[in-house]
Amino acid sequence: KVLITGGLGQLGVGLAKSLRRRFGKFNVILSDIRKPPNHVYNNGPFIFSDILDYKNLREIVVNNNISWLVHYSAVLSAVGEHNVALAKEVNITGFHNILDIATEHGLRVFVPSTIGAFGPSSPKDPTPDLCVQRPRTIYGVSKVHAELMGEYYHQRYGLDFRCLRYPGIISADSQPGGGTTDYAVQIFHAAVKSGHFECNLRSDTRLPMMYIGKANFDAFCFGDIGTETLPFHSSLPPSTYPDDCIRATMEFLEAPDDALVSRTYNINAMSFTPQELTREIQKVLSDFKVTYNVDPVRQAIADGWPKALEDSAARQDWGWKHEYNLPQLVQTMLTHITLGNKLARAF
Ligand code: VAH
């Protein structure tokens, strides 16, 4: 069975949906420290779990016969700079609990890292898997720590630790959690809702980004369905979940251990600036307007991040390949948000 911590963040519900389609609804347990909306309960088991409560977490792992642990709990880059103590507690102490429990019970553990694990002195374009990592955020520092600790526990104790460095993740039906790349999600909702967006990064800020497929929308409107019944992706075979982030995570989780030359991999899909994204959206919504009100904290973070990740090792070792580039991202996001809004109004 799989336990997903931080499951109510931007990524957890979508991943749970795919894992449940693959392994069965009751073999994937979503967890978080807050109460989910009703539709989450309808789509499979949810359990309260606080990663800072070692005993609670241990009981959940043992009582539910967990064998894979996906650790999504984290305080992200921008929020972390406004609350370093919380970020340190959740991203480091919380992570240590995960690491110890996974090692004690022989779990396969997936922990996402991020473009934020690199800093101003890392090569930027592209950023290789292995290079200088001196991030300037507590989020980045804690993610480098997670990478190093996970790899140490793998070599020292044989822990099946797996880590992907995600780009900024773009989702149609889940909100980002206070990161530096949040603008690239919010801009789509603003484009559909009001036709105007105030961007908090400079127009020329290039960052690596990746699309994550839909989850809440299906759960909310159609119950637990497969992609074969989605109006937009009926051409896809049922097994292919239309996205990049969840598919990468699933393929990596299921990759045979001897295929993994490393425990930590970059994965890359596309890179764009707010200006390029705006122009692509204007091809669909011609009177969409963007103004800029730069957030100095987020801009300083973004200026120290990669412009693109070099991911040939992931492509070679376990067959990673991206499917969504910028035009496809814009088409898919605008379609899903527009339809999602219409259906939400209809219910
Ligand atoms: C952040 N969305 O901006 C997260 C992510 C790649 C960026 O880690 O902090």
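The structure presented is a predicted model; accordingly, all values stated were derived computationally and were not measured.

Calculation criteria
Residues numbered from 1 in each chain as written. Predicted model: local features only at pLDDT ≥ 70, side-chain atom pairs only at ≥ 80, totals over all residues. Heavy atoms only, no water. Helix = DSSP H or I, 4+ residues; strand = E, 2+ residues; numbered from the N terminus. Contact = heavy atoms within 4.5 Å. pLDDT = per-residue confidence, 0-100. Near = heavy atom within 4 Å. Polar contact = N/O pair within 3.5 Å; in protein donor to acceptor, adjacent residues only side chain to side chain. Areas by Shrake-Rupley, 256 points an atom, 1.4 Å probe, with all protein chains shown as cover. 1 Å grid on protein atoms, 1.4 Å probe; cavity = no way out; pocket = protein on both sides within 12 Å on 5 of 7 lines; lining within 4 Å. Sits in = over half its atoms within 2 Å of the grid points. Pairing = 2+ DSSP bridges. Axes fitted to C-alpha atoms, helices over the stretch in contact; angles between N-to-C directions. Parallel < 35°, antiparallel > 145°, perpendicular 65-115°, else oblique. Left-handed = near helix turned anticlockwise from the far one by under 90°. Nonpolar A, V, L, I, M, F, W, Y, C, P; charged D, E, K, R; others polar.

## So, the side chain of N200
With respect to the helices and strands, the residue N200 is situated in the loop between strand 8 (196-199) and strand 9 (207-212). Discounting residues that sit within four places of it in the chain, N200 has contacts with Y183, N293, V294, D295 and R298.

## What about the environment of A74?
Within the secondary structure, A74 sits in the loop between strand 4 (68-71) and helix 4 (77-82). Leave out the neighbours within four places in its chain, and A74 touches V90, N91 and K143.

## Notes on the confidence of the model for the chain
Scored by pLDDT, the chain comes out at a mean of 91, with 92% of its residues at no less than 70. Note on residues 216-240: pLDDT under 50 across the span, and 52 contacts to partners over four residues away in sequence or across chains. We note a pTM of 0.92 for the whole complex and an ipTM of 0.92 for its interfaces.

## Here we look at the site of the ligand
Close contacts around the ligand come from L76, S77, T114, I115, Y139, Y166, P167, G168, G179, T180, T181 and W305, and that covers them all. Take T180: an N or O atom from its main chain is 2.6 Å from an oxygen atom of the ligand. Expressed as a share of its isolated accessible area of 270 Å², the protein-covered part of the ligand is 94%. Among the cavities detected, the one that contains the ligand is the largest pocket.

## Details of the sheet that holds strand 7 (residues 168-171)
Read across the open sheet, the three strands follow the order 7-9-11; overall the sheet is mixed. In the strand order of this sheet, the two ends are held by strand 7 and strand 11 (270-272), each with one partner. Each neighbouring strand pair of the sheet contributes to a mean axis angle of 45°, computed without reference to strand direction. Two elements, strand 7 and strand 9, share four bridges in a ladder whose sense is parallel.

## A few points about the packing of helix 5 (residues 84-104) against helix 6 (residues 138-157)
Remark: helix 5 packs on helix 6, axes separated minimally by 10 Å, with the N-to-C direction vectors making an angle of 15°. By the angle class used here, helix 5 and helix 6 are roughly parallel. Seen along the crossing, helix 5 lies across helix 6 with a hand that is right-handed. Here V84, A87, K88, N91, I92, F95, H96, L99, D100 and T103 of helix 5 come into contact with helix 6, specifically with I138, Y139, S142, H145, A146, M149, G150, Y153 and Y157. The residue inventory of the contact of helix 5 with helix 6, partitioned by class, reads 11 nonpolar, six polar and two charged.

## Digging into the packing of helix 10 (residues 274-282) against helix 13 (residues 326-346)
Contact pair helix 10 / helix 13: the axes reach a minimum separation of 10 Å and the direction vectors enclose 60°. Put simply, helix 10 runs oblique to helix 13. Helix 10 and helix 13 meet at a crossing whose hand is right-handed. Residues E276, L277, E280 and I281 of helix 10 touch helix 13, and the partners they reach there are L326, P327, V330 and L334. For the contact of helix 10 with helix 13, the per-class residue count stands at six nonpolar, no polar and two charged.

## Overview of the sheet that holds strand 4
Read across the open sheet, the seven strands follow the order 3-2-1-4-5-6-10; overall the sheet is parallel. Strands at the two margins of the open sheet, each flanked by one partner only, are strand 3 (46-48) and strand 10 (264-266). In this sheet, adjacent strand axes meet at a mean angle of 20° when their direction is disregarded. Two strands pair when backbone bridges link them, and strand 5 (residues 108-114) and strand 6 (residues 160-166) are joined in this way by seven bridges, in the parallel orientation. Following the sheet pairing, V109 is matched in strand 6 by F161. Together, strand 1 (2-5), strand 2 (28-32) and strand 4 form the strand contacts of helix 1 (residues 12-23), whose direction differs from that of strand 2 by roughly 165°.

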